[in-house]
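Breakdown of the fold
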Amino acid sequence: METLKRVVRNEYFPAAAVLTLVVLFWVAGLFGGLSLLSRSQPPIATLTWLLFVYAAAVLTPLAGILAAVDLLRRWWRNRRAAKSIGAKSGTAKSGTAKSGTTKDDAAKDGAGIGS
């Protein structure tokens, strides 16, 4: 249970979940997303399904791109912070140097989830 809590509180979780759902949606679409059109359905059901698929086809790539950009931004920021902490700890004289990012900095960046 603690492992699940740790995963859900991870700062990468929301964007990774969105990206996973977008990929699953497109994989499901590739393996039979148009099967509804091969069956005889009432016109309103077909129109509703087509409008839903159209909206999803437009919005899911946008959501996937935003999620991927967010994941890369967080990874890059954490990588830079780790490098700056390593550089500061190697040059600190009295050991009183602060780390590169604080929780306030992370909250400003939108990454205060679970930190």
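Residues numbered from 1 in each chain as written. Predicted model: local features only at pLDDT ≥ 70, side-chain atom pairs only at ≥ 80, totals over all residues. Heavy atoms only, no water.

As for the overall build of the protein
Secondary structure summary: the protein contains four helices and zero strands in total. The linear arrangement of helices and strands in the protein, starting from the amino end, is α-α-α-α. Across the 115 residues in the protein, those meeting the buried criterion constitute 14%. The long-range share in the protein, meaning contacts at least 24 apart out of those at least 6 apart in sequence, stands at 73%. (Helix = DSSP H or I, 4+ residues; strand = E, 2+ residues; numbered from the N terminus. Buried < 20%, exposed > 50% of the residue type's maximum accessible area, 1.4 Å probe, protein only. Contact = heavy atoms within 4.5 Å.)

A short note on the environment of Gly29
Assignment of secondary structure puts Gly29 in helix H2 (residues 13-30). Along the backbone, Gly29 and Val53 are 24 residues apart, and their C-alpha atoms lie at a distance of 9.3 Å.

What to know about the packing of aromatic side chains
For the structure on display, the rule yields three aromatic pairs. Pairing Phe25 with Trp26 gives two aromatic rings, centres 5.7 Å apart and planes at 90°, and the pair type is edge-to-face. Relative to Trp76, the ring of Trp75 has its centre 6.1 Å away and its plane inclined at 50°; by these criteria the two rings are tilted. (Phe/Tyr/Trp six-rings, centres within 6.5 Å; stacked < 30°, edge-to-face > 60°.)

Describing the pattern of salt bridges
Pairing between side chains of opposite charge can happen when their charged atoms approach one another. Enumeration over the complete set of coordinates arrives at four salt bridges. Asp70 serves as the salt-bridge partner of Arg74, at 2.9 Å between the closest nitrogen and oxygen. Taken together, the residues span about one helical turn, with Arg74 and Asp70 both in helix H3 (residues 43-91) at a distance of four residues. When sorted by exposure, Arg74 lands in the same class as Asp70, which is buried. Each of Glu11, Asp70, Arg73, Arg74 and Arg77 takes part in a single network of salt bridges with overlapping partners. (Salt bridge = Lys/Arg side-chain N within 4 Å of Asp/Glu carboxyl O.)

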